[in-house]
Amino acid sequence: NHPDVAQMTIGAVDGSCRGKSVFPKLVEATKEASRKRGSRGIRAGVYKVNASSRRVFEKNRWIETAALETDDTVFYMACLDSRIADELGLKPSHE
């Protein structure tokens, strides 16, 4: 845990909202709220089998953090401050 990194807890989006870009909007709203609170990054865990949620994080350039991975969960990090990735030793997978 890092004191400047917020934790995003993800619930379920109602089935009637699927395909309406609700989840990406929730992710962006979380980033905005976290910046306002002074967070330098956000961490979120996603079940490995949840391919659609993983695509949202990857499309929005969240960094997969293998060091936090468990048997069934992968963690992603949004860097709100350009220095936090270096401080935590994170490397974007797209580099």
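Analysis parameters
- Residues numbered from 1 in each chain as written.
- Predicted model: local features only at pLDDT ≥ 70, side-chain atom pairs only at ≥ 80, totals over all residues.
- Heavy atoms only, no water.
- Helix = DSSP H or I, 4+ residues; strand = E, 2+ residues; numbered from the N terminus.
- Rg over C-alpha atoms; globule rule 2.2 N^0.38 Å.
- Buried < 20%, exposed > 50% of the residue type's maximum accessible area, 1.4 Å probe, protein only.
- Contact = heavy atoms within 4.5 Å.
- Areas by Shrake-Rupley, 256 points an atom, 1.4 Å probe, with all protein chains shown as cover.
- Lys, Arg positive; Asp, Glu negative; His and termini not counted.
- Charge placed at Lys NZ, Arg CZ, Asp CG, Glu CD.
- Core = buried A, V, L, I, M, F, W, Y, C linked by side-chain atoms within 4.5 Å.
- Phe/Tyr/Trp six-rings, centres within 6.5 Å; stacked < 30°, edge-to-face > 60°.
- Right-handed = clockwise from strand over helix to strand, strands pointing away.
- Pairing = 2+ DSSP bridges.

A. Looking closely at the overall build of the protein. For the protein, the helix and strand inventory stands at three helices and four strands. Rg of the C-alpha trace for the protein: 13 Å, near the compact-globule value of 12 Å for 95 residues, within the 12% margin. For the protein, the spread of C-alpha atoms along the three principal axes comes to 40 × 30 × 25 Å. In the protein, which comprises 95 residues, the proportion classed as buried is 35%. Considering only contacts within the protein whose residues lie at least 6 apart along the sequence, 65% involve residues at least 24 apart. For the protein, the computed accessible surface area is about 6,400 Å², with 49% contributed by carbon and sulfur atoms. With 16 positive and 13 negative side-chain charges, the protein shows a separation of 6 Å between the mean positions of the two kinds.

B. Expanded view of the nonpolar core. Grouped together as the largest cluster of nonpolar side chains are 14 residues, with contacts concentrated most on Met8, Val27, Ile42, Phe57, Trp62 and Tyr76. Counting residues per element, the ones that place at least two in this core are strand E1 (5-8), helix H1 (22-36), strand E2 (41-47), helix H2 (51-59) and strand E4 (73-79). Aside from chain neighbours lying at most four places away, what touches Phe57 is Met8, Ile10, Phe23, Val27, Ala44, Val46, Trp62 and Tyr76.

C. Up close: unusual backbone geometry. You will see that Ser21, though not glycine, has its phi angle at about 60°, which is positive. For Ser21, the position within the fold is in the loop between E1 and H1. For Ser21, a relative accessible area of 41% gives the class partly exposed. Phi at Arg61 takes a positive value of approximately 65°, unusual for a residue other than glycine. Structurally, Arg61 is set in the loop between H2 and strand E3 (63-64).

D. Spatial organisation of the side chain of Ser34. Tracing the backbone shows Ser34 in helix H1. Judged by its relative accessible area of 7%, Ser34 falls in the buried class. Excluding anything up to four places from it in sequence, Ser34 contacts Ala6, Ser39, Ile42 and Leu80.

E. Quick peek at the packing of aromatic side chains. Inspection of the entire model under this criterion finds two aromatic pairs. For the pair Phe57 and Trp62, a centre-to-centre distance of 4.6 Å together with 65° between the ring planes defines the contact as edge-to-face. Assessed through its relative accessible area of 4%, Trp62 is described here as buried. Residues Phe57 and Tyr76 carry aromatic rings whose centres are separated by 5.4 Å and whose planes lie at 10° to one another, so their mutual orientation is stacked.

F. Highlighting the pairing of E2. With respect to burial, E2 is a largely interior element, five of its seven residues being buried. Handedness of the crossover joining E1 and E2 through H1 is recorded here as right-handed. Across seven bridges, the pairing between E2 and E4 is antiparallel. By the bridge assignment, Gly41 is partnered in E4 with Cys79.

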